[in-house]
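Below, each chain spelled out in residue letters.
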Amino acid sequence: MNGGHCRVSGARSPVLASCSLQKMCSWMLSCCLALQHLAVQASLLCIFHLLLLPTLPEEPPHSQATSELLARSLFACGISTVLQTTLGSRLPLVHIPSFEYLVPAMVLSSHLSLGASIERNGTAVASACRAPHCTVAGSWAAPLQEVSGAVLVSGLVQLALGVSGVCGWAAQHCGPMVLAPSLSIIGLSAYKEAAFFCSTNWVIAVLLMLLTVTFSQHLGSCRLPFCAWPQAWRGSMEPSVPTLRTFSVLLPFAGVCILCAVLSHLHIPWESLDLAMAQLSWANTTFHAPWVRIPYTGEWGWPLLTPRALAVGIAMAIGCSMNSVGCYVLCGRLLRAPWLPPDTCNRGLCTEGLGSLLAGLLGAPGGTAASIANACAAGLTQTGSRLSVQASALACVVLGMSPRLVGLLTRIPLAVHGGVLCITYAVAVGTGISYFQYADIDSGRNIFIVGFAMFMALLVPRWFGSALAHLATGWVPLDLLFLSLLMAPVVLTGSLSFLLENTVSGTLEERGLLFELGPWRAGVGDCHAHGERGKARQAYGLPPGMSKLLPSSCKAFPCCFLCPRSEEEEEKEDEEEGSRATEEGTTAPEEETHLLPRTGSGEPQPPRRTSETVMAAWTPWPDSAECGCLMVDQHCAPKTACEPLCS
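Just so it is clear, the model here is predicted, and its values are computed rather than measured.

*Asks:* Hey, could you go over the packing of helix 5 (residues 141-163) against helix 13 (residues 307-334) for me, with residue numbers and the actual values?
*Replies:* Each packed pair of helices is defined by two parameters, the angle between the axes and the distance between the axes. At a minimum axis separation of 7 Å, helix 5 and helix 13 run at an interaxial angle of 50 degrees. As judged from the angle between their axes, helix 5 and helix 13 are oblique. Note that helix 5 runs across helix 13; the crossing there is right-handed. Here Glu 146, Gly 149, Ala 150, Val 151, Val 153, Ser 154, Val 157, Gln 158 and Leu 161 of helix 5 come into contact with helix 13, specifically with Arg 308, Ala 309, Leu 310, Val 312, Gly 313, Ile 314, Met 316, Ala 317, Cys 320 and Ser 321. In the contact of helix 5 with helix 13, the residues fall into 12 nonpolar, five polar and two charged.

*Asks:* With reference to specific residues and values, describe helix 21 (residues 489-503).
*Replies:* With 15 residues, helix 21 should reach 21 Å at 1.5 Å per residue; the first-to-last C-alpha distance of 21 Å fits that figure. Of the residues making up helix 21, those classed as buried are Pro 489, Val 490, Val 491, Leu 492, Thr 493, Gly 494, Ser 497, Leu 500 and Glu 501.

*Asks:* Go over helix 9 (residues 202-218), please, and point to the residues and values.
*Replies:* The end-to-end C-alpha distance of helix 9, which contains 17 residues, comes to 22 Å, matching closely the 24 Å that a straight helix rising 1.5 Å per residue would cover. Within helix 9 the residues assigned to the buried category are Ile 204, Ala 205, Leu 208, Met 209, Thr 212, Phe 215 and Ser 216. Along helix 9, the residues classed as buried sweep out an arc of 140 degrees about the axis, all on the same side. What points out from helix 9, more than 90 degrees from its buried face, is the exposed set Val 203, Leu 210, Gln 217 and His 218. Contacts made by the buried residues of helix 9 are with helix 8 (191-198), helix 10 (243-246), helix 11 (250-265), helix 15 (372-381) and helix 18 (414-434). Near the N-terminus of helix 9, the side chain that reaches the backbone nitrogen of Val 203, with its oxygen 3.0 Å away, is that of Asn 201.

*Asks:* Can you explain the nonpolar core? Please cite residues and give values.
*Replies:* As a rule of thumb, nonpolar side chains are buried together in soluble globular proteins. Counting residues in hydrophobic clusters, the biggest one holds 118 residues, and the most contacted among them are Leu 44, Leu 93, Phe 99, Leu 330, Ile 372, Val 416 and Tyr 425. When sequence neighbours within four positions are dropped, the list of residues in contact with Phe 99 reads Leu 44, Ile 47, Ala 190, Glu 193, Leu 421 and Tyr 425.

*Asks:* Describe the environment of His 111, with residues and values.
*Replies:* Looking at the element boundaries, His 111 is found in helix 3 (residues 99-122). On the basis of relative accessible area, His 111 is assigned to the partly exposed category, the value being 24%. The spatial distance from the C-alpha of His 111 to the C-alpha of Leu 56 is 9.5 Å, given a sequence separation of 55 residues. Once you skip the residues sitting within four places of it in the chain, His 111 turns out to touch Arg 308, Val 476 and Leu 480.

*Asks:* With reference to specific residues and values, describe the confidence of the model for the chain.
*Replies:* Of all residues in the chain, 66% attain a pLDDT of 70 or more, and the chain-wide mean is 76. Predicted confidence is poor over residues 120-138, with pLDDT under 50, and the contacts of this stretch with residues over four places away or in other chains come to 17 contacts. In the model, residues 584-647 has pLDDT below 50 throughout and makes 82 contacts with residues more than four positions away in sequence or in other chains.

*Asks:* Just give me the short version of the environment of Leu 211, but keep the residues and values in it.
*Replies:* Note on placement: Leu 211 falls in helix 9. You can call Leu 211 partly exposed: its relative accessible area is 27%. As a C-alpha pair, Leu 211 and Gly 255 span 44 residues in sequence and 9.4 Å in three-dimensional space. Once residues lying within four places of it in the same chain are set aside, the contact partners of Leu 211 are Pro 252 and Val 256.

*Asks:* So what's going on with a nonpolar patch on the surface? Residues and values would help.
*Replies:* The grouping of Trp 291, Val 292, Ile 294, Leu 405 and Leu 408 at the surface amounts to a nonpolar patch, some 540 Å² of accessible area in total. With respect to the helices and strands, the residue Leu 408 is situated in the loop between helix 17 (403-406) and helix 18.

*Asks:* Run through the environment of Cys 222, naming residues and quoting values.
*Replies:* Note that Cys 222 resides in the loop between helix 9 and helix 10. As for Cys 222 and Pro 242, which are separated by 20 residues in sequence, their C-alpha atoms are 5.5 Å apart. Leave out the neighbours within four places in its chain, and Cys 222 touches Val 241, Pro 242, Thr 243 and Leu 244.

*Asks:* Requested: an account of the packing of aromatic side chains, with residues and values cited.
*Replies:* Applying the stated criterion across every chain, the model contains six aromatic pairs. Taking the centre distance of 5.4 Å and the plane angle of 15 degrees together, the rings of Phe 448 and Phe 452 count as stacked. Of this pair, Phe 448 and Phe 452 both sit in helix 19 (residues 444-466), separated by four residues, roughly a single helical turn. Assessed through its relative accessible area of 48%, Phe 448 is described here as partly exposed. Under the relative-accessibility criterion, Phe 452 is labelled partly exposed at 33%. Arg 333 extends its terminal NZ or CZ atom over the ring of Tyr 435, reaching a point 4.8 Å from the ring centre. If you follow Arg 404 out to its NZ or CZ, it ends over the ring of Trp 291, 4.8 Å from the centre.

The rules behind these values
Residues numbered from 1 in each chain as written. Predicted model: local features only at pLDDT ≥ 70, side-chain atom pairs only at ≥ 80, totals over all residues. Heavy atoms only, no water. Axes fitted to C-alpha atoms, helices over the stretch in contact; angles between N-to-C directions. Helix = DSSP H or I, 4+ residues; strand = E, 2+ residues; numbered from the N terminus. Parallel < 35°, antiparallel > 145°, perpendicular 65-115°, else oblique. Left-handed = near helix turned anticlockwise from the far one by under 90°. Contact = heavy atoms within 4.5 Å. Nonpolar A, V, L, I, M, F, W, Y, C, P; charged D, E, K, R; others polar. Expected span 1.5 Å × (residues − 1). Buried < 20%, exposed > 50% of the residue type's maximum accessible area, 1.4 Å probe, protein only. Arc of directions from axis to C-beta. Polar contact = N/O pair within 3.5 Å; in protein donor to acceptor, adjacent residues only side chain to side chain. Core = buried A, V, L, I, M, F, W, Y, C linked by side-chain atoms within 4.5 Å. pLDDT = per-residue confidence, 0-100. Patch = residues over 30% accessible without salt bridge, like charges linked within 9 Å, V, L, I, M, F, W, Y side chains within 5 Å. Areas by Shrake-Rupley, 256 points an atom, 1.4 Å probe, with all protein chains shown as cover. Salt bridge = Lys/Arg side-chain N within 4 Å of Asp/Glu carboxyl O. Phe/Tyr/Trp six-rings, centres within 6.5 Å; stacked < 30°, edge-to-face > 60°. Lys NZ or Arg CZ within 6 Å of the ring centre and 35° of its normal.

Below you can see the structure in the form of structure tokens.
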């Protein structure tokens, strides 16, 4: 399945214009691209903490504690990114605390705030924090430890999902009708946060978006002659790269930040902050954070593993796992990478689980997950360099050991955060919509699945967010679990579309699976199939040194779900998939669930795509020697001589 990464023979090779997964960029170019990844990552990291910290029961932490929280999160994200690009999915993905961590964390902190207010109105409550840092950080540290406990639980659950192979199995059953609404909702789910931050100054936000669109779209083909980069692996000079498109995120980001700094230095008011925004803004504060402080576990107290943290951690793991699978598919789609094997998804989720474990032990309020924004930025700039992502991860680790330097990230204007969200998450929406081309969008079955899943994903969180009475089952941890899941749009869309897609009857043509099964699952183009497998091994395969250690232990659990399969196993599975596809391709007329007029009903129909008629295996029609025609999936070829046989 894998969302249509497979292509017919002769299609465009998955090579990018400037950098690719298989090509080592020059160090100079990689450092510039790493700075671009770091800018987007820093923006998303600040957004996460800006939205979460004000919801804590007590007063928000002061600037020194805030910079140390940012440093710990950045340190954990850097290590997790290194694991992802070397041992995980091997995709050029940056890790951040995603919105799927934010929603359950805010649900838990809101519950803690409600309990604290009830206790405060009754009797005096002593501080539950006994660690030495409580005198510096304040009483907000105790609820923060419970949030860190939930992050720790989410890491354990993600590890279990990856090791057991559940993630790879689910990804293999996600066709276009699951990926299209899921990716679209992942992008649309950030519109509230984007509008919230853009409202501080719409001129700054619009300027950032205008420059990014101009550089990436209108001036994307412009090549500056003085930008010729030396190739580190050949020692020669490669042609000038499309500089404006390659840095279409970094240049506007840096330019707008410099403009805001100049306006602030000249004491020109440019940012309008209401009361809510004033509580979020930390740009005008002064602090004395240390230059160097290496984070270690237990410094801020150990995570609290309560039943509430356990429930919220499970919800975090489920939401982040769905988001990560979508991010893997999204990144591969934008960078034209080969199809995504199941073991790649399993390894990627395991590395995210390890990163979340580290973040929870360090006391960070959020775990590590694949960044949708960075994947969209890589697709927008067409720069899929693994080396640049690893360089940005190294920079994250270094910055994570200097709270004073991380404090500079708090100087980024809030409107810039909103502009980054608008640009990057818009790409996710468009990528999700592009998957509709593989399915029969005129089918009533598909219309209902997409409409119902997306509508409920937007309705249910709004419903619970504005409900006067909270969800009450009689047990608080269960209430928090259900509320955290029902408030996450990606969980609702992914669950509903996956359930309906795999339970409602429909032909392979309706579901958009002929395009994926055609080139190599149904027996057509065997050479092309081996070529795709070779590209997949090159893009997602483990490092050579690691691969030599695997053959003796790959058959045993749990390595069987994490190691790449051998060529013999893949060929055997291809034969089984081909025979199964031939059987599933024949569907009785009464099983079709079209609600719209079809061919022959008098209504004009769109022309059939080549992928719907040519991609599957052609075999001789039985008992038709006088015609000698061909058939596909038990249907006649579009030839006049076959019409009597098909009637």
